[in-house]
Amino acid sequence: MDKTAKSDEPAIGIPYSYQPPLPQRFYVENPHQAGAIPPNAIFGDPKGIPLQQTIYRDTPAPFNCTYCGGSGVTTVKSKPSLAAVVGCMMPFMLGVCFLCPSMDCLWHKYHYCPSCNEKVADFEKSDICAVMDPPHYIQGSFALPA
């Protein structure tokens, strides 16, 4: 009788197939911060639509000027970056510097208001590896409506 009583006792301990629960996340990752463009983004002239935020990148961006109060699309001016100079110097060792003007993907972009000509924003690039990523040579600027 003692033998049957011992076999009826439950086993104490953690089974081998036990997996601890995954930690709970209390935040939701925003896909727009990772580069995804939202479906309600404005790319051209806002035409009186109030804007919540403007993302300045390579192309002219819709904006509301904080200096003159006007709205419209920025004027973009480009200047070579350090990454463009380094990218130009690499083939220069072979005696040619042909990449610098064509590597617009590495140039800094400065956005100006077309009405008052004040500098509104800048988009500076420092990643020389952008040359190896042709789909992302030019990143479009956009604004989010309020």
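Before any of the text, the structure's been laid out above.
Each value, and the rule that gives it
Residues numbered from 1 in each chain as written. Predicted model: local features only at pLDDT ≥ 70, side-chain atom pairs only at ≥ 80, totals over all residues. Heavy atoms only, no water. Salt bridge = Lys/Arg side-chain N within 4 Å of Asp/Glu carboxyl O. Helix = DSSP H or I, 4+ residues; strand = E, 2+ residues; numbered from the N terminus. Buried < 20%, exposed > 50% of the residue type's maximum accessible area, 1.4 Å probe, protein only. Phe/Tyr/Trp six-rings, centres within 6.5 Å; stacked < 30°, edge-to-face > 60°. Lys NZ or Arg CZ within 6 Å of the ring centre and 35° of its normal.

Time to look at the pattern of salt bridges. Pairing between side chains becomes possible if they bear opposite charge and their charged atoms approach one another. Evaluation of the coordinates by the stated rule reveals two salt bridges. Linking D58 and K109 is a salt bridge whose minimum nitrogen-to-oxygen distance equals 3.8 Å. Taken as a pair, D58 in the loop between β1 (51-55) and β2 (62-64) and K109 in strand β5 (residues 108-112) lie far apart in primary sequence, 51 residues in all. Note on accessibility: D58 and K109 belong to one class, buried.

Turning to unusual backbone geometry, a few remarks are in order. Most peptide bonds take the trans configuration, and most residues that are not glycine carry a negative phi. In this model, N117 sits at a positive phi of 60 degrees, which is unusual for a non-glycine residue. For N117, the position within the fold is in the loop between β5 and β6 (119-123).

Let us now look at the packing of aromatic side chains. Within this structure, the stated rule accounts for one aromatic pair. On the numbers, 6.2 Å between centres and 55 degrees between planes, the contact of F43 with F142 is tilted. Taken together, the positions of F43 in the loop between α1 (2-7) and β1 and F142 in strand β7 (residues 142-145) put the pair 99 residues apart, joining distant regions of the chain. The cationic tip of K77 hangs over the ring face of Y112; the distance from NZ or CZ to the ring centre is 4.7 Å. One Lys or Arg, K79, reaches over the ring of Y110 and ends 5.3 Å from the middle of that ring.

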